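# Report on the structure
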Amino acid sequence: MALEEYQVLVKDMVGDQDDVITTEVRDRALDEARIRYSADAPRLELADIVWPATGVFGPVPDGWTDSSVIQSVEFPVGKRPASMVFAETYRTATGWGLESEQALPGNALVRVCYQLPHVLDATADSIPRRHRLPVASFAAHLLCQQLATRFAGDRETTLGSDMSRTESRSRNYAARAKDYRAAYFAGIGQLDPALQDAVAGSAASAVTSWPRRNPRHRLVSRGGL
């Protein structure tokens, strides 16, 4: 039922009278939104593992996937402040492993914090409820972009009032795509990277175009005064 809630939300957001958006297209947009959200707000998991033998090599947590990333490794567990050790993952022909910078004792309890993508399917949903609407908004943003592009391309094959209507629909979907993207980043409490780049570019332009002082206006010291 988890995925179905998002499907309903997106369908309500994206009015598509011509049925251009199929179920498959909508679900692909939702999966892209899940991937985007996973990059912006990764899921964090904590897992305790038992170090097999004294040395630097140990196992990764049972929930580890190819997309997982180590966040931190704690040993010994329970100290305050927490005691961290540096460790990285490595891959072999048989799977993933964990390599610590320092040797750890055999049978030691080690706590691993790691990132992994969010899950969203018919039975599982790891996205916090407060972020469901923003994630649906990002999927709607992608779909409105597609519709704006579709109707922009249709202008070449339409005439008269039909052409005006097609242009209007293209502009409308483009504006809605922009609004839904803004709603996504506002909903997760982050600044849109595109806006960050625009602000940085404007600041750089302002610095490079700063007017130089006219040499004729410089103060000239005169001897004896």
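Scroll up for the structure.
Residues numbered from 1 in each chain as written. Predicted model: local features only at pLDDT ≥ 70, side-chain atom pairs only at ≥ 80, totals over all residues. Heavy atoms only, no water.

### A few points about unusual backbone geometry
Residues apart from glycine generally show negative phi values, whereas peptide bonds are mostly found in trans. The amide bond that connects phenylalanine 75 to the next residue, proline 76, takes the cis arrangement and shows omega of -10°. With respect to the helices and strands, proline 76 occurs in the loop between strand 3 (69-74) and strand 4 (84-85). In this structure, the amide linkage connecting arginine 80 to the following residue, proline 81, adopts the cis form with an omega of 0°. Topologically, proline 81 is positioned in the loop between strand 3 and strand 4. Even without being glycine, asparagine 107 reaches a positive phi, approximately 65°. The topology assignment puts asparagine 107 in the loop between strand 6 (95-104) and strand 7 (109-116). (Helix = DSSP H or I, 4+ residues; strand = E, 2+ residues; numbered from the N terminus.)

### A few points about the packing of helix 1 (residues 2-13) against helix 2 (residues 23-40)
When two helices pack together, their arrangement is given by the angle between the helix axes and the distance between those axes. Viewed as axis vectors pointing N to C, helix 1 and helix 2 meet at an angle of 110°, and their least axial separation amounts to 11 Å. As far as their axial angle goes, helix 2 and helix 1 are roughly perpendicular. Facing helix 1, whose interface residues are Leu3, Tyr6, Gln7 and Val10, helix 2 presents Arg26, Asp27 and Leu30. Across the contact of helix 1 with helix 2, the residue classes break down as four nonpolar, one polar and two charged. (Axes fitted to C-alpha atoms, helices over the stretch in contact; angles between N-to-C directions. Parallel < 35°, antiparallel > 145°, perpendicular 65-115°, else oblique. Contact = heavy atoms within 4.5 Å. Nonpolar A, V, L, I, M, F, W, Y, C, P; charged D, E, K, R; others polar.)

### A few points about the sheet that holds strand 6
The strand order across the open sheet formed by three strands is 2-6-5, and the pairing between neighbours is antiparallel. Whereas interior strands pair on both sides, the edge strands pair on one side only; in this sheet they are strand 2 (55-58) and strand 5 (87-92). Neighbour-to-neighbour, the strand axes of the sheet open up by a mean angle of 30°, direction not taken into account. Note: strand 5 against strand 6, six bridges, orientation antiparallel. Across the sheet, glutamate 88 pairs through a bridge with glutamate 99, a residue of strand 6. (Pairing = 2+ DSSP bridges.)

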